Amino acid sequence: MKKNLILLLCLILLGCANKENKQNKENKKNTENNQITIYTKRHYDTDKHLFEKFEKENNINVNVVQASSDELIERIKTEGDNCPADVLITVDAGKLYKAVDEKLLEKINISDINNNINKNLIDKNGFWIPITYRSRVIAYNPEKVDVEDLSTYEDLKDKKWKNRILVRTSSNAYNQALLSSLIAHHGKNIALDWANQLSKNFARSPKGNDRDQIRAIFRNVGDIAIVNSYYVGLLKSSDDENDQKIGDAVKIFFPNQGKNERGAHVNISGVGLLKKSPNKENALKLIRFLTSEYAQNYYTNNSFEYPVNLNVKPSSIVAEWGEFKIDKLDLNELGINRKQAIEVFEKSKWD
Ligand code: FE
């Protein structure tokens, strides 16, 4: 009897120990899974807010590493199996194409994410999901430029623009993406001629970022600038009164809108799921959140990019620029032609 009692006690204790062990393992798994690591090129305050909201709502710890897309891609390759990153966010489809080319991304089923994403902007191969889009437009001084004189990117090489064009350097990814689109449409030789002729029309040697080009219009350094649309919105809504004035003083023109024209060049900011992601469920949850109506409204109202979710309208500042026709070129072409674009720029007179 006594022997049986001891045996029973032992079994109970063993059961408890097992249960505790199982619980410990479960807890460990939960802490491991309760996080997500984001490698991102985006450097905007909007993202900080959205990541914090995602963290709070889902009780998932968000770790963010911010660097250039090329640096992040190199880091993912070097870290290999030890890479903690779950997703890669870039501001250029060309860099996502590069990550696919390096075999770093895993396919995502769009219907698992959101069925309301603009079909013109999704990756036809299924490797990345757009979160916003932006157009590289012409910002101009309406006091100096007759809008009737503006037409296409190609026309910017015309002599009438001599000493009037402002743009950043050719090493910038936004310019490389634009040139990649020109190579896709016209070939390398025409793109080289365009870059050379255009650089003869520069108001000054390329320097500064997109906002600096718009500021230079205000200071009458030049009359038109090739910039991403949202920078005008950021200046208009800035806390700095001077920047507000500058943003209000320029107008936006979408190139290549004629009946037979292809539409204005656009690029996406997008996200890819890393093949070696340790927290895939959380990664997909984040991608769903970033394309949700809440996040899409937040992006357009704060970073003045265009929403990719068709249920979300652009912010009032963005809507004021009017609707425009987008170039429906497969955005992977911005990556496919990138090497050639860099070579063309190196050969050209565009610094
Ligand atoms: Fe930017």
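The structure this text deals with has already been given above.
This section reports on the structure supplied with the text. (Residues numbered from 1 in each chain as written. Predicted model: local features only at pLDDT ≥ 70, side-chain atom pairs only at ≥ 80, totals over all residues. Heavy atoms only, no water.)

1. Observations regarding the coordination of the iron ion
1) Next: At this site the iron ion is bound by Tyr44 (OH), Tyr174 (OH), Tyr230 (OH) and Tyr231 (OH), with donor distances of 2.0 to 2.3 Å.
2) Next: Donor residues binding the iron ion come from one chain and are separated in sequence as Y-x129-Y-x55-Y-Y. In this pair, Tyr174 sits in helix H6 (residues 173-186) while Tyr231 sits in helix H9 (residues 230-236), placing the two residues 57 residues apart along the sequence. (Donors = N, O, S within 2.8 Å, 3.2 Å for Na, K, Ca; no water. Helix = DSSP H or I, 4+ residues; strand = E, 2+ residues; numbered from the N terminus.)

2. Looking at empty space enclosed by the protein
1) Next: Within this structure, the stated rule accounts for one cavity of 30 Å³ or more.
2) Next: Quantified by volume, the largest cavity comes out at close to 40 Å³.
3) Next: Together, Val91, Arg134, Ser135, Arg136, Tyr174, Ala177, Asn228, His265, Val266 and Asn267 line the largest cavity.
4) Next: When residues of the lining of the largest cavity are traced back to their parent elements, those giving at least two are strand S5 (128-140), H6 and strand S9 (266-274).
5) Next: It is S5 that contributes the most residues to the lining of the largest cavity, three residues altogether. (1 Å grid on protein atoms, 1.4 Å probe; cavity = no way out; pocket = protein on both sides within 12 Å on 5 of 7 lines; lining within 4 Å. Points joined across faces, edges and corners; volume = space filled by probe spheres on them.)

3. Considering the pairing of strand S1 (residues 35-40)
1) Next: Extensive coverage of S1 is indicated by the burial of five of its six residues.
2) Next: Bridge count between S1 and strand S2 (residues 61-66): six bridges; the pairing is parallel. Residue Thr40 lies in a different strand from S2, and its bridge partner there is Gln66.
3) Next: Running through helix H2 (residues 45-58), the crossover from S1 to the neighbouring parallel element S2 is right-handed.
4) Next: When S1 meets strand S3 (residues 87-90), the two strands line up parallel, connected through three bridges. Bridge pairing in S3 places Ile38 opposite Val87. (Buried < 20%, exposed > 50% of the residue type's maximum accessible area, 1.4 Å probe, protein only. Pairing = 2+ DSSP bridges. Right-handed = clockwise from strand over helix to strand, strands pointing away.)

4. Observations regarding the packing of aromatic side chains
We describe a pair of aromatic rings using the distance from one ring centre to the other and the angle between the two ring planes.
1) Next: According to the stated counting rule, one finds eleven aromatic pairs in the structure shown.
2) Next: When the centroid spacing of 4.3 Å and the interplanar angle of 40° are considered together, the rings of Tyr230 and Tyr231 count as tilted. Exposure class is identical for Tyr230 and Tyr231. Each is buried.
3) Next: Taken together, a centroid distance of 4.0 Å and an interplanar angle of 5° make the contact between Phe254 and Phe324 stacked. Of this pair, Phe254 sits in the loop between strand S8 (251-253) and S9 while Phe324 sits in the loop between helix H13 (316-319) and helix H14 (333-336), and the two are 70 residues apart along the sequence. (Phe/Tyr/Trp six-rings, centres within 6.5 Å; stacked < 30°, edge-to-face > 60°.)

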